[in-house]
Amino acid sequence: MLKLSSSEKMRIAILVGAFPPTWLAGTEIATYNIAKHLAKRGHEVHVITSLDEGLPNERAEQGFSVHRIGFPKARFLGVVIFWLKILLALRKVNPDIVHAQSTMIALPAFSAKKLLRKPYVVWGRGSDIYLPWLFRSQISKLVLRNTDAAVALTNDMKREVQKICHKEVSVIPNGIDLSGFKNLSREDARTKLQIKQDEKIVLFVGTLRPVKGLKYLIQAMGIITKQDAGVKLLLIGDGEEREYLENLAKQLDLKEEVIFAGKVPNEEVPQYTAASDLFVLPSLSEGFPVTVLEAMASGLPIVTTNVKGLPEIVKEGENGFLVEPRNPEQIAEKVLLLLGNDELRERISENNREKAKRYSWANVVERLEQVYLEVLNKP
């Protein structure tokens, strides 16, 4: 196996199912930042992902290369063909190491190890570890037990991965680009986004799908607005549940209080966090959501659920509050507590700004680089 020192540069292939600009969920944004910061450190980085309409098959951006592969529409055969095309792309790129962003996309990395003698790393991202998907058990066992290194976002996820592969697992969290959240004033952000200065804004950023628990947040708004009519819920993102959630807001007579802003470019998210008063993530399951880090970087107090890795980020009363999943009453209680207590909100805001500094992408990628080097320098 190739031996490298910490000063030598690597050719790295990163496999991910989807990628910006079309896809802007947590894994996609994280992969973009990982590639960008590895490239900044002098490595040759190739992201291999699915092809989106209107985008080229090959493109260079931010110092790394993106290879987009067409995904045939045939249900099972299409997946197999997609994986085979990834393997061919890996053969062409000829990387020193392959990094799979989730167990779902790791089968081509396993094949590259067997056929091309390329070591690989698997980084569990959340839904691939916690949620059911087709052939999850078989594929997860195969790729995790044969990987040269496994990475998890949280200690909770590490325990879940170790149930499958029974080996050492590195814990590396998601990161955040702190530069985009500096020097943004609440007043300027509200003016730009046409939000009234006296409104109280509760923010959610993410994909609108059932696992995010958004129906419970909208139900909580029905309780909140009865006690404080000046509160608005701003939902940033789109997804399969949008129509259902819009209808729910209408049924609860919250059409004016619940604002569906749709998908926005990732670089505009800091404007929305700066304009808000607090952030709520009512998920039923989570890995290590970047949106929580973004809210922390803006100094927003967090209200989120006590599930999976979230208690490792949010400490009760220190930088936010934890509630039980599927509990609109608890969400409403904590939101009203924060909105009604300026001193508490300001203290938590300061704590979050300070805590967010621990999660810079530079620090995260440096730790990931060490994992790569340990793999490549194994005897």
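For the structure, see preceding data.
Just so it is clear, the model here is predicted, and its values are computed rather than measured.

**Digging into a nonpolar patch on the surface**
And step 1. Together, Phe 76, Leu 134 and Phe 135 make up a nonpolar patch on the protein surface, roughly 320 Å² of accessible area in all.
And step 2. Along the chain, Leu 134 turns up in the loop between helix H4 (127-130) and helix H5 (136-146).

**Examining the environment of Glu 318**
And step 1. Within the element layout of this structure, Glu 318 appears in the loop between strand E13 (302-305) and strand E14 (320-323).
And step 2. Taking C-alpha positions, Glu 318 is 46 Å from Pro 56, a pair spaced 262 residues apart along the chain.

**Observations concerning the pattern of salt bridges**
And step 1. The tally for this structure, following the rule as stated, stands at 17 salt bridges.
And step 2. A salt bridge links Lys 357 to Glu 354; the shortest N-O distance between them is 3.3 Å.
And step 3. You can call Lys 357 partly exposed: its relative accessible area is 49%.
And step 4. Residue class for Glu 354 comes out partly exposed when judged on its relative accessible area of 49%.

**A closer look at the pairing of strand E6 (residues 120-123)**
And step 1. Residues Tyr 120 and Val 122 point to one face of E6 and Val 121 and Trp 123 to the other, with burial holding for every one of them.
And step 2. As judged from the four bridges shared by strand E5 (residues 97-101) and E6, these two strands associate in the parallel manner. For His 99, the partnering residue across the bridge sits in E6 and is Val 121.
And step 3. In this view, the connection linking E5 to its parallel neighbour E6 by way of helix H3 (residues 107-116) has right-handed handedness.
And step 4. As judged from the three bridges shared by E6 and strand E7 (residues 149-152), these two strands associate in the parallel manner. Bridge pairing in E7 links Trp 123 to Val 151.

**Concerning the sheet that holds strand E11 (residues 258-262)**
And step 1. Reading across from one edge, E11-E10-E9-E12-E13-E14 is the order of the six strands in this open sheet, with parallel pairing throughout. The sheet terminates laterally at E11 and E14, the two strands that pair on one side only. The mean inter-strand angle of the sheet, taken between neighbouring strand axes irrespective of direction, is 20°.
And step 2. Strand direction decides the pairing type here: strand E9 (residues 200-205) and strand E10 (residues 231-236), joined by six bridges, are parallel. What sits directly across from Lys 200, in E10, is Val 231.

**Quick word on the packing of helix H1 (residues 26-40) against helix H14 (residues 361-376)**
To describe two helices that pack against each other, one gives the angle between their axes and the distance between the axes.
And step 1. Remark: H1 packs on H14, axes separated minimally by 10 Å, with the N-to-C direction vectors making an angle of 75°. One element, H1, and the other, H14, form an angle in the roughly perpendicular class. Note on element contacts: H14 touches H1 through Trp 361, Ala 362, Val 365, Leu 368 and Tyr 372, opposite Ala 30, Asn 33, Ile 34, His 37 and Leu 38.
And step 2. Grouping the amino acids of the contact of H1 with H14 by side-chain chemistry returns eight nonpolar, two polar and no charged.

Calculation rules
Residues numbered from 1 in each chain as written. Predicted model: local features only at pLDDT ≥ 70, side-chain atom pairs only at ≥ 80, totals over all residues. Heavy atoms only, no water. Patch = residues over 30% accessible without salt bridge, like charges linked within 9 Å, V, L, I, M, F, W, Y side chains within 5 Å. Areas by Shrake-Rupley, 256 points an atom, 1.4 Å probe, with all protein chains shown as cover. Salt bridge = Lys/Arg side-chain N within 4 Å of Asp/Glu carboxyl O. Helix = DSSP H or I, 4+ residues; strand = E, 2+ residues; numbered from the N terminus. Buried < 20%, exposed > 50% of the residue type's maximum accessible area, 1.4 Å probe, protein only. Pairing = 2+ DSSP bridges. Right-handed = clockwise from strand over helix to strand, strands pointing away. Axes fitted to C-alpha atoms, helices over the stretch in contact; angles between N-to-C directions. Parallel < 35°, antiparallel > 145°, perpendicular 65-115°, else oblique. Contact = heavy atoms within 4.5 Å. Nonpolar A, V, L, I, M, F, W, Y, C, P; charged D, E, K, R; others polar.

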